[in-house]
Amino acid sequence: MSTPLMEVRGLSKVYRRGGLWSRTQVNAVRDLSMTIDAGQIVALVGESGSGKTTAGRILARLVRPTAGTVEFEGRPAGHQPEPTVQMIFQDVFGSLNPAHSVGHHLRRAIVRSAHEDDVDKTVAELLGSVGLRPAERFAKRYSHELSGGQRQRVGIARALAPAPRLVIADEPVSMLDMSVRVDILNLLAGLREKRGVALLYITHDLVSARYLADRITVMFSGYGVESAPATALLDEPQHPYTRLLLASVPGSTTTPTKPTVTKPTVAKPATTADGCPFVARCPLATEQCATVMPPVTTLPGDRWVRCHAVQS
Ligand SMILES: Nc1ncnc2c1ncn2[C@@H]1O[C@H](COP(=O)(O)OP(=O)(O)OP(=O)(O)O)[C@@H](O)[C@H]1O
Ligand SMILES: [Mg+2]
C-alpha cells in the first residue's frame with residue numbers, strides 16, 4: 001500500500017475559555033484519525049460545532065492539536081503552516097484585504113522560486129485557471145469590485161499559488177448564491193484532474209459531499225463517527241447519526257433507525273461525560289452507550305464506524 005498524502009492519528013483539541021474564576025473547556029476534536037491519499041477528495045461532514053473547522057485548521061497547521069500526530073507523506077508534519085497544504089475559507093468577504101488588488105494577493109502567495117519576471121505570468125495563469133479572464137483585468141480589481149463567486153475564485157487561486165498537494169476547503173460555497181455554488185464545486189473537483197491536488201472538503205451538506213467526494217468522514221461532537229467510500233456511506237449508512245443526516249436530505253429514502261446490524265434498544269439512558277455524545281438523540285441507545293464511548297470498529301469495504309450498535 002502506498003503512503004497516504006496526509007495521515008492523522010488520535011487528534012484532539014481542547015480549547016480553554018474563561019478567566020481566573022470560571023474556566024470551561026471545549027473538546028473541539030476528540031480522538032480523530034483519518035487519511036487522505038494523493039489526489040483524493042475527502043469530505044468532512046457534520047453539524048455546526050462538530051469540530052470540522054478545528055480539524056481542518058489542525059491539518060493546515062494553523063492550530064496546534066492538544067494530542068495526536070499529523071504526518072505528511074509519511075513524515076511528521078512541522079508546527080508551521082507549509083506551502084504544501086493550503087486552506088480556502090468560507091468567508092469570501094473577509095478573506096481578502098479590501099486595500100489590496102487581486103494581483104497583490106496572488107503575488108504575495110506565490111512561492112518565489114522562479115525569476116521575478118515570471119510572477120506576473122504566474123498570476124495570469126492562476127486567474128485563468130480559476131476562470132477569471134481576462135486575467136490582466138481581474139488582477140487589477142479590488143474585492144469590492146468582485147461578486148461573491150469571483151471572490152471565492154480568487155481565494156482558490158491564492159490557495160493554488162504555492163502549488164499545494166492538499167487544499168482544505170472549509171464550507172467554500174455556503175456563503176454563495178445557489179446559482180454559483182455548482183460552478184465553484186466543479187472548479188474544486190477539476191483541481192484534482194488538472195493539478196493532482198487532493199481536497200479536504202468541509203461541509204454541513206451531504207448532497208454536495210456526495211457530488212464531490214471519493215470518501216466521506218462524518219463528525220459528531222468532535223468525534224469521527226463514521227467513514228467510508230462516499231457511495232457506500234450514502235447507500236448503507238451504519239451510524240445512527242449518519243442515517244439521521246441522510247434522512248434529512250430532501251428526497252431521501254433513508255429511515256433514521258435501521259443500520260444493518262443492531263442491538264435491541266432500552267429505555268433512553270442519561271448522558272454521561274464518558275459515554276457516546278450522540279446517546280440523547282440516538283434511537284438505538286443502550287445503557288452501555290451512556291457510560292462507555294464506543295471504540296472505532298473497522299468494517300469490510302474500507303470503512304469504519306464508532307457505534308456500539310454496529311458490529312464488524
Ligand atoms: N478558538 C476557539 N476558542 C474556543 N472554542 C472554540 C474555538 N474554535 C472553535 N471552538 C469551539 O470548538 C467547537 C468546534 O468548533 P468548530 O468551529 O471546529 O466546529 P464546526 O464543525 O466547524 O462548526 P460550524 O459548522 O459551525 O463551522 C465549538 O464548540 C466551538 O465553539
Ligand atoms: Mg466550521
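To be clear, the structure that these remarks concern was listed above.
Let me begin by describing the structure that accompanies this report. (Residues numbered from 1 in each chain as written. Chains lettered and ligands numbered in written order. Predicted model: local features only at pLDDT ≥ 70, side-chain atom pairs only at ≥ 80, totals over all residues. Heavy atoms only, no water.)

1. Details of the overall build of the protein chain
Keep this limit in mind: By the criteria applied, helices consist of DSSP H or I runs no shorter than four residues and strands consist of E runs no shorter than two, each listed in order from the N terminus. Here the radius of gyration uses the C-alpha set of atoms, whereas the globule reference equals 2.2 Å times the residue count to the power 0.38. Only protein chains enter the accessibility calculation, which uses a 1.4 Å probe; a residue is then buried when its area is under 20% of its type maximum, exposed when over 50%, and partly exposed in between. Here, residues are in contact when the closest pair of their heavy atoms is within 4.5 Å. In this description, accessible areas are obtained by the Shrake-Rupley approach with a 1.4 Å probe, and a residue is regarded as covered only by the protein chains that are shown. His is not counted, nor are the chain ends, whereas Lys and Arg count as positive and Asp and Glu as negative. In this description, the location of a charge corresponds to atom NZ of lysine, CZ of arginine, CG of aspartate or CD of glutamate.
In terms of regular secondary structure, the protein chain is built from ten helices and twelve strands. Rg of the C-alpha trace for the protein chain: 21 Å, near the compact-globule value of 20 Å for 312 residues, within the 12% margin. Principal-axis analysis of the C-alpha atoms gives the protein chain an extent of 70 × 50 × 40 Å. The burial tally for the protein chain puts 49% of its 312 residues in the buried class. Sequence-distant contacts, at least 24 apart, represent 61% of the contacts inside the protein chain between residues at least 6 apart. For the protein chain, the computed accessible surface area is about 15,000 Å², with 52% contributed by carbon and sulfur atoms. Positive and negative side-chain charges in the protein chain, numbering 36 and 28 respectively, have mean positions lying 4 Å apart.

2. Considering the side chain of aspartate 170
Short version of the rule: The term salt bridge refers to a side-chain nitrogen of Lys or Arg lying within 4 Å of a carboxyl oxygen of Asp or Glu.
Within the secondary structure layout, aspartate 170 lies in strand E7 (residues 166-170). Of the side chains with opposite charge, arginine 57 lies nearest to the buried aspartate 170, which makes no salt bridge, at 6.2 Å. If we ignore the near neighbours within four places in the chain, the residues touching aspartate 170 are Thr53, Met87, Ile88, Phe89, Gln90 and Ile202.

3. Description of the sheet that holds strand E11 (residues 297-299)
Here is the rule we go by: Pairing between two strands is assigned when DSSP locates at least 2 bridges connecting them. In this description, a line fitted to the C-alpha atoms serves as the axis of each element, helices being fitted only across the stretch in contact, and the angle between N-to-C directions of two axes falls anywhere from 0 to 180 degrees.
Here eight strands make up an open sheet; going across it, the order is E6-E7-E8-E3-E9-E10-E12-E11 and the pairing mixed. Whereas interior strands pair on both sides, the edge strands pair on one side only; in this sheet they are strand E6 (85-88) and E11. Averaged over all neighbouring strand pairs, the angle between strand axes comes to 20°, with direction disregarded. When strand E3 (residues 41-45) meets strand E9 (residues 215-220), the two strands line up parallel, connected through four bridges. If you follow valine 42 over to E9, its bridge partner there is arginine 215. Along the sheet, helix H5 (residues 148-160) contacts E6 and E7; its crossing angle with E6, the most-contacted strand, is approximately 170°.

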